[in-house]
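Residue-level listing of the chains:
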Amino acid sequence: MAASLRANEAGLRLDERMERLKLFGLSSPALLLVLIILVLPVGWLFYVSFLGADGGFSLENYQRMIDSRAYYRIFITTFQVSLLTTALCILIGYPLAYLLSQVPPSIANICMIAVLLPFWTSLLVRTYAWLVLLQKQGLVNDWAIALGLWDEPLKLVHNMTGTLIGMVHIMLPFLILPVYGSMKAINQDYMKAASNLGASPTRAFWTVFFPLTTPGLFAGSLMVFILCLGFYVTPAVLGGGRVILVSMKIVSNIELFVSWGAASALGVVLLVVTLGILWIASGFLRLDRIAGGGH
Amino acid sequence: MLRWLKNPATETQISHGQRLWLYLLSGIIMVLLLAPTLIVIPMSFSDSQYLEFPPREWSLRWYEHYLGSGDWMRATATSLKAGILTMLVATPVGVLAAYGLHASRIAFVRTAFLLLITPMMVPLVLVAIGVFYVYAQLDILYTLTGLVLAHTILALPLVLIVTGSALKSYDMSQEDAARSLGAPRWKAFLTVTLPQIRFAVITSALLSFLTSFDEVVVAMFISGGDNPTLTRNMFNALRDQIDPTIASISTIMIGVTTVLMVLAQVFGQQKKAPK
Amino acid sequence: MRAEAREALPISIQGVTKTYGTVHALDNVSLEVRSGEFLTLLGPSGSGKTTLLMVTAGFTRPDCGSLKFGDREVIRTPPHLRDLGMTFQSYALFPHMSVAGNVGYPLRLRKVPKAEIALRVDQALEKVRLSGFGDRRIDQLSGGQKQRVALARSIVFEPSILLMDEPLSALDKKLRDQMQIELRHLHESLGMTTVYVTHDQREALTMSDRIAVVNRGRIMQLATPRDLYERPANRFVADFIGDSTFLKVIRSGNEVAYGGMELKSSAPLPDAAALLLMIRPERIQLSPGGPRDGANNFPAIATEVVYQGDSYLLQARLDDGTEIVMRGGVRGASLSALPAVGDRVTLTLAPEDTVLIDGGEA
């Protein structure tokens, strides 16, 4: 009966704290790396964007963006390309995802290769492939003319068309995979119930199936859109310098003009927009759950 | 064939015939997805400067050009070194972080996780120019070390996500059992947990390698001088003109990627299949 | 040569408290487990029984308290140094090792020589009646077999204490009944102090030397199965063990009455103002001949008669509307003597079966 009240309390608390620290400490190398190599440089860029030519605090970099027509066009183009690419990906990707989710798993796994192989293939390789295919004497023109689709070789690359084609091709897997995931998760019983209650297949699809796929669709579209906003390689190659996106302006600012102020301001705007969209979307989605982290 | 068309495709009695449009459309899409990726392969064997398909004359000249070029070979070596080093750094760092966050009970965990996947969220160009400047200041520009470090943080989110999700479906009470039997936590992790998440770890490693090997934008800025990467050289070549050598390099890269992807799938499948 | 089997150790739990936010998972719990005894922690989900077991094992760190194995204070000792055997609800077998690999794991950790490991693994498997299973893979085993491998693994290094967390909950009824007896035999032959967690009161009653009934982080009663069943300390325990009907009785001094009728009880009254009469279905009887002298009689109307094969269930409504359940045996002649629904019946409770318990909110 003579148990000292709250025995070992201090010691136990210490043990708990030590254990927590040790466990959390396992992630410290990763955190340190990200802090030094990501947070620091990006933070520095933030700082630089607010530096004027004279070295003091100034908003001239941002002002330039608002004033200049060129910058305005660049933003518009970037948004246009991103929106168009996302829309096209949805139109093309959704049906394929639907099919993949409906066929037996053995067939689905084989067909999935069509999505996964491009996904894993190097960006450069795919971009290069389109460059070769879409050129004036390339495969697409040759075959189209042979099939009678058009008479003269069309300019399919080094312009917006080529850029869009390339970007849609790159982004499709990013849309298909989440959408497929949410489709697979739909309990077959729902469709059976709808059918049992009298819904035609079309109606059952639009009223039951499609709404249940919205999380995956939303996640995929979001990912595609955000990736497009900051995308560099494919538009740079397939756009041929005629399609200028924010990312390319940033690069040219550094490479050609060594204009850190302009580049960093652009970068900050891009980052803020990206994070802003993510933040709004996180209100609708549990992003960390999709990414699979935490508890 | 006609009879098959009338068979139901699903339990809601939609026949195959009614779905024909979907099959056709999907077939076209799949071809369009695969063709550009694969078409480079036969084209790389074309003898002509203009990379015909189908090649009128078959030859290995572009491969010879690639393998014989000192520049290309050096760049390839750099990319391979960077890729392997990134894999060797990102995998343990990431796996440990994933485990630490998974087993941890602090509220800070979610924040830490989000922080660690920010490299995926921040536009790559921004990372590239930021790192470029910082490296210039630290005088590690154009070094392999700098490249590996940058690629590591790009690979970390992938490692975290893949390993994290494997840990989530893993029964942690096995580790508890091991500890109750006398193993300290680290030993329990090594002898019980790690063997069971090894497929995720292997996939993470392969993904880390590919992330580094395929990376263009950051490498564009911080690799160069003595250590340009393969991707950097390829990208520069692409901007100038359609160098047919790139076709042969692409084919080799596709081969490597396919092998790695198959490996990852094989390991991934094994995890699910009962023995 | 093998070291001598170690002595079983007593466990002393003193003043253990564990709170999660505002919830008391364990509220100043104290418990003494005797050396070599089989003690069950019995309670509903969320009662704290598993938490207490985890504190004993070292996986849950309490806010305060003392935990001793024999003379050794272990509350701050990490789990891997507590030297006890433990089985988990999910068995927690290692799928990447064979059965022998699993069972030999603790011995490898203790740097036991290989030859001896093989010997002791075989002996452990024999004790759980799985001889020859050494080479099997874990996914080839049935639930019952997995259970035994987990057991073998936890006893192979001869711990002085064994903890078991609902080991039989995943098994089907027949297997569970069989395993209960086997576990009991194993305990008797090995003699280690065993703490067993379950929510199944029948299981607890079958296997334990003593049972600690746990609810909301506190121990409601610690007693032998018999005492728990016959003399529950409070309503919660009475409710949790066995089925009963409870009738509120009125106390005046040393007399209790129900419905105006004085109740005769052979046991002394508990020390509480509010009392309940606990009626076990198998203790109350049907009196075809009307009220019996010297017993407590309850006139009622039969509302439901259910034949259940080995017994029958009679539900009857007392004059004041309370429903009582009675269970009786079925034998050839009595079948025809069963009342029909709507009949007037008399239920009697002998004084030795008239149990009064503390009716206060525990």
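The structure under discussion appears in the preceding block.
So, here's what we can say about the structure. (Residues numbered from 1 in each chain as written. Chains lettered and ligands numbered in written order. Predicted model: local features only at pLDDT ≥ 70, side-chain atom pairs only at ≥ 80, totals over all residues.)

What follows covers the overall build of chain C. Looking only at helices and strands, chain C has nine helices and 20 strands in total. Put simply, chain C has 362 residues, and 40% of those count as buried. Put simply, of all contacts in chain C between residues at least 6 apart along the chain, 67% involve residues at least 24 apart. (Helix = DSSP H or I, 4+ residues; strand = E, 2+ residues; numbered from the N terminus. Buried ≥ 20, exposed ≤ 12 C-beta atoms within 10 Å, placed from the backbone. Contact = placed C-beta atoms within 7 Å.)

Right, let's get into the overall build of chain B. Assigned secondary structure in chain B consists of 14 helices and zero strands. Along chain B, helices and strands appear, N-terminal first, in the series α-α-α-α-α-α-α-α-α-α-α-α-α-α. Taken over C-alpha atoms, the radius of gyration comes to 24 Å for chain B, far larger than the 19 Å a tight globule of 275 residues would show. Oriented by its inertia axes, the alpha-carbon framework of chain B measures out at about 70 × 70 × 35 Å. Counting only residues that meet the buried cut, chain B has 50% of its 275 residues in that class. Taking as baseline every contact in chain B between residues at least 6 positions apart, the subset at least 24 positions apart corresponds to 70%. (Rg over C-alpha atoms; globule rule 2.2 N^0.38 Å.)

A few words on the packing of helix α6 (residues 123–134) of chain A against helix α8 (residues 160–184) of chain A. Residue and element names in this part refer to chain A. Packing of α6 against α8 brings their axes to within 10 Å, and their N-to-C directions diverge by 140°. One way to sum up the angle between α6 and α8 is to call them oblique. Taken as a pair, α6 and α8 cross one another with a handedness that is right-handed. Packed against α6, whose contacting residues are Leu123, Arg126, Thr127, Trp130 and Leu134, the element α8 presents Gly162, Ile165, Gly166, His169 and Ile170 at the interface. (Axes fitted to C-alpha atoms, helices over the stretch in contact; angles between N-to-C directions. Parallel < 35°, antiparallel > 145°, perpendicular 65-115°, else oblique. Left-handed = near helix turned anticlockwise from the far one by under 90°.)

Another point: the sheet that holds strand β5 (residues 72–73) of chain C. Residue and element names in this part refer to chain C. Read from one edge to the other, the open sheet built from four strands follows the order β2-β1-β4-β5, with strand pairing classed as antiparallel. Two strands close off the open sheet at either side, each with one partner strand: β2 (23–33) and β5. Bridging between strand β1 (residues 11–20) and β2 involves seven bridges; their strand directions are antiparallel. Across the sheet, Tyr20 pairs through a bridge with Val23, a residue of β2. Set on the sheet, helix α1 (residues 49–57) makes contact with β1, β2 and β4 (64–69); between it and β2 the angle comes to about 65°. (Pairing = 2+ DSSP bridges.)

Let's shift gears to the sheet that holds strand β14 (residues 275–279) of chain C. Residue and element names in this part refer to chain C. Taken in spatial order, the five strands make up an open sheet running β13-β12-β11-β14-β20, and their pairing is antiparallel. The two strands at the open ends of the sheet, each matched to only one other strand, are β13 (261–262) and β20 (355–358). When strand β11 (residues 245–252) meets β14, the two strands line up antiparallel, connected through five bridges. Its bridge partner being in β14, Val249 is matched across the sheet by Leu275.

Contact residues are listed per partner, giving eleven residues for chain C and ten residues for chain A. Sort the elements by how many residues they give to the side of chain C that touches chain A and β4 of chain C lands first, with three residues. Among the residues forming the side of chain C that touches chain A, the class breakdown is three nonpolar, five polar and three charged. (Nonpolar A, V, L, I, M, F, W, Y, C, P; charged D, E, K, R; others polar.)

The subject of this paragraph is the environment of Ala236 of chain A. All names here are of chain A. Relative to the helices and strands, Ala236 is located in helix α11 (residues 233–238). Using a count of 25 C-beta atoms within 10 Å as the deciding quantity, one classes Ala236 as buried. Through-space distance from the C-alpha of Ala236 to that of Ser247 is 9.1 Å; in sequence the pair is eleven residues apart.

At the interface, 79 residues of chain B touch 73 residues of chain A. For the side of chain B that touches chain A, the element with the highest residue contribution is helix α2 (residues 20–43) of chain B, accounting for twelve residues. Here the side of chain B that touches chain A is built from residues that sort into 57 nonpolar, 16 polar and six charged.

Our focus in this paragraph is the environment of Leu14 of chain A. Residues and elements named next belong to chain A. The residue Leu14 is located in helix α1 (residues 9–25) in this model. With 12 C-beta atoms counted inside 10 Å, the residue Leu14 sits in the exposed group. With 249 residues separating them along the chain, Leu14 and Ala263 place their C-alpha atoms 49 Å apart.

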